[in-house]
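Take a look at the letters that make up each chain.
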Amino acid sequence: MPLLSLKNIDVSYDGKTNILEKLNLSINKGELVSLLGPSGCGKTTTLRVIAGFIEPVGGQFILEDQNFTKIPVHKRNFGIVFQSYALFPHLTVFDNVAFGLKMKKISKDKIKDLVDSILNTVDLSSLSQRYPKELSGGQRQRVAIARALVIEPKLLLLDEPLSNLDAKLRLKMRVEIKKLQRQMGITTVFVTHDQEECFSISDKVAVMNAGEIEQFDTPENIYSNPSTEFVARFVGFENFIDLSNISGNEFHAKGGKKFTINSNRDITKENIKGTIRPDDIEIVDENSNKENLIDGSIDVRTYLGKSYQYNIKTDLGTLVVNGSNNNVYSQGDNIKLYLPSSKIILV
Amino acid sequence: MKQNKGLFAFVILVYSFLFIPIIIIAATSFGSESYVAFPPRGFSLKWYHNVFTTESFIRTFKISMEVSVLATLIALALGIPGAYALTRFDFKGKTLLKNFFFSPKIVPGVVTGFVMFQFIVINLKLPIYYSLLLGLSIFEIPYAIRVIGSSLEMVDYTMEEAAMSLGASRLQTFFRVVFPNITSGIIASFMLSFISAFNNVPVTLFLSGPGISTLPITMMNYVEYNYDPTISALSVLLMLMTIGIMFVVEKTLGINNL
Amino acid sequence: MKKKWAYLLMAPGLIVIVAFLIIPILSSILPTFHDGDSLTFSSYTDFFKDSYYNQIFMRTLRISIITVVICAILGVPTAYFVSKSNKKIRGILIACTIFPLLTNSVIRSFAWITILGRNGVLNNALLTLNLIAEPKRLLYTEGAIIVGSVYLFLPLMIVSLVGVMENIEGELFEAAESLGASKIKAFFKVILPLSVPGLIVGCVLVFTGAASAYTTPQLLGGNRKMVLSTLIYQQTMTLGDWYGASVVATIMIVTSILVMGTINRLAAKLNERGV
């Protein structure tokens, strides 16, 4: 029984085009779920529906068996961490964190205890009388998190909370967020466009595109087994080959080239695409006799540090391949490529 | 964002307060009675006819146009270099000098009019016409500085450094790189300074004399002794001019950027 | 070398302002502090002791303060609405706010003569509705000057507030809501405190404007309800009492600077706090 479910949510600003279309999502208690996608995919809109800033034109938002669709924002008791942090510039750190408690008319002493304790947790006790503009980016971020957590929210909603931090701090803060979330066991929805950040802390990820969820699964499954071309591209698959299914695991590419692909996916349509990561294609000897071999010639070589990347011209178009530092090829070299049958994903 | 109904009603009331008087004036200008009546009982254009046949309105309108345009040009000529210096340079006493530039707005208009009348007209014996021109020019300098200063701030300073690195002198840089990028600010500033000079009463009140007066002063005198819709008709014509000016400002700088 | 440029560019404007505004001001007001060779304030103590002048001074202050308060009360919610409207509506509303501002003050005061006059729109309406038996004297009262001044300066208040409110991040309001504040509470706890800089600018503009306006008090208050600016004109042009006018001019300048100084110091104090 999920804690939270969005059922057939439709969102439209002008009554004609839908920003979200029949969106469904279920989240279990204690999970950290990420909404991942490029800008404009509807991930922030989804978060704002949950938060109550946007009222959907259709569908329902259920939380613990209660219909939350029309409950006003200030009665939901969700903690929200905004992209800009949205700290109140006219209030001290202490008063920022105490804001939500004051709204609940909790006694002064109790407020002081609760605020002190949460500031202690996020390691900000010494800065409680400072104003937001006197804090560093990372400190502001922690104030925003403390302010959202101190009201003991039913849900924690994070809207690209790390995007304003520099790379080093981002790594540190995402570990801290994960730690706090585990510690408090709070169900969390995290919006981001950064795939690595998202995979590193999420229990489950919903990859979104054009107002719909393309795949909702664990980070591991999404990374290794994307279900659509969009998801595949988003998680780093760069080579796509048009295929038609002949029988079982036999496929034909354009020009009649035959491929064997071991897929656990049900093949329902005749024309399909196979995709493979640059890391998974191997450059092999001219006289190798493996299956799934194609001829190519090196077009462009770039150096990535841990490897070289080649753009290779083949009958199937240009393929991107990462090759080791031990065996370096130059432009114009003719080579053979091996595409392991277990590494080709059908989308 | 969903708006609160009470707030919406409040805002409607506030804008009604701002516009009902203007609508009443427009309506009465077409009335047929010989006094200002609302709602008007008949329709007539005779008050518009009246405006164009009243010699003092036509004469002072011409004076107003002339001195407002000239005063605005003088204010811009003095204000543009000042605005450039204030936005592009750091120097000692900047705040103080800035305050000097804005002093014509800090000193109440009637005081400006009074002291200039006493000093320039009476002591220096400058002809009224030139005193009026001078008074309005000074009054408009802060406008010119503010509007042009804000459009200068939008011009990226590195652009000027680029021009100078390519061999342009400071003067060339200003005319070839800065000026083309602040033309919309200059047009907007011209329009706003012009309308503000045209509308001015407190300064021109003191700096007018025999044969030389501005349209607003003539209107004021007319209102104090007459109560017919000629002024309504004249007001409608002047408001059309204002709308025209706002249109130009919107097309150049954008009303929102003021 | 750079600095020389700056001073050179500013020189023409500054020279004109100093020569034809600052020096005339000094030449008018300095003599009011002289009695022979000694410094004296007797002209000013006389002014405030004279009940007629004192009354005019107090009326000017009273009208300005009431105008500021009414403009703030009407302006704050209106400006908030404008700043939160979508781009198109905001553009229209701002144009509607600026239009009166660019319209001649004679026209705007004349409009209120037609409304408040003895045979004006308001008296006619009240008579028709049988709410009054005979026309009331609405014109040439302090009330008329206040209504006219609010009408004149409300747009300034709205424009100054919109400028600040537009820059208050929408997320701050949402953050307050998410922490349990209703829309009204969120407005008073977050938006209003953050609008204070705009409110201060608006108050300064409205106060100094109302305290020095000439057209509106002249047309709506007449000789019955004089204020400092109409007094200065009367003393110069009707009475030829230039010395007296200079005293009034000093009082107007000092009041204007004092009010601006006080309010700006208040603003600086608020700024220190971190807003």
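Values in this document were obtained by computation on a predicted structure and should not be read as measured data. (Residues numbered from 1 in each chain as written. Chains lettered and ligands numbered in written order. Predicted model: local features only at pLDDT ≥ 70, side-chain atom pairs only at ≥ 80, totals over all residues. Heavy atoms only, no water.)

Caption draft 1: Inspection of the interface of chain B and chain C at higher detail. Between chain B and chain C, the contact holds 79 residues from the first and 80 residues from the second. Buried area between chain B and chain C, summed over both chains or domains, comes out near 7,400 Å², and the portion from carbon and sulfur atoms is 82%. Taken as a group, B:Tyr15, B:Phe17 and B:Phe114 account for 8% of the area that chain B buries against chain C, more than any other trio of residues on that side. Inspection of the region where chain B meets chain C yields zero salt bridges. (Contact = heavy atoms within 4.5 Å. Buried area = accessible area lost by both parts, 1.4 Å probe. Salt bridge = Lys/Arg side-chain N within 4 Å of Asp/Glu carboxyl O.)

Caption draft 2: Main features of the packing of aromatic side chains. Counting across every chain of the model gives 39 aromatic pairs over all chains. Each ring, one from B:Phe117 and one from C:Trp242, has its centre 5.7 Å from the other, and the planes form 70°; the classification is edge-to-face. Of this pair, B:Phe117 sits in helix α5 (residues 109–123) while C:Trp242 sits in helix α12 (residues 242–272), each in a different chain. On the basis of relative accessible area, C:Trp242 is assigned to the partly exposed category, the value being 24%. Ring geometry for C:Tyr80 and C:Phe187: centres 4.9 Å apart, planes at 65°, overall edge-to-face. Remark: C:Phe187 occurs in helix α9 (residues 183–212) and C:Tyr80 occurs in helix α3 (residues 51–84); sequence separation between them is 107 residues. Of the two residues examined, C:Tyr80 and C:Phe187, each falls in the buried class. Among the aromatic residues, those joined into a ring-pair cluster are B:Tyr84, B:Phe89, B:Phe174, B:Phe175 and B:Phe179. Just above the ring of B:Phe91 sits the side chain of B:Lys94; from NZ or CZ to the centre is 6.0 Å. Its end group placed over the ring of B:Phe139, B:Lys105 keeps NZ or CZ at 4.1 Å from the ring centre. (Phe/Tyr/Trp six-rings, centres within 6.5 Å; stacked < 30°, edge-to-face > 60°. Helix = DSSP H or I, 4+ residues; strand = E, 2+ residues; numbered from the N terminus. Buried < 20%, exposed > 50% of the residue type's maximum accessible area, 1.4 Å probe, protein only. Lys NZ or Arg CZ within 6 Å of the ring centre and 35° of its normal.)

Caption draft 3: The interface of chain A and chain C, seen in detail. With 23 residues of chain A at the interface, the matching set in chain C holds 21 residues. Together chain A and chain C conceal approximately 2,100 Å² of surface at their shared face, both sides included; 62% is due to carbon and sulfur atoms. It is A:His74, A:His90 and A:Met103 that lose the most area in chain A upon contact with chain C, and together they represent 30% of the buried surface on that side. In this structure, the connection of chain A to chain C is made through one salt bridge. Seen at the junction of chain A and chain C, the total is four residue pairs in polar contact (both at pLDDT 80 or more). The dominant element in the side of chain A that touches chain C, judged by the number of residues it contributes, is helix α2 (residues 93–103) of chain A, at three residues. Per-class residue counts for the side of chain A that touches chain C are 13 nonpolar, five polar and five charged. (Polar contact = N/O pair within 3.5 Å; in protein donor to acceptor, adjacent residues only side chain to side chain. Nonpolar A, V, L, I, M, F, W, Y, C, P; charged D, E, K, R; others polar.)

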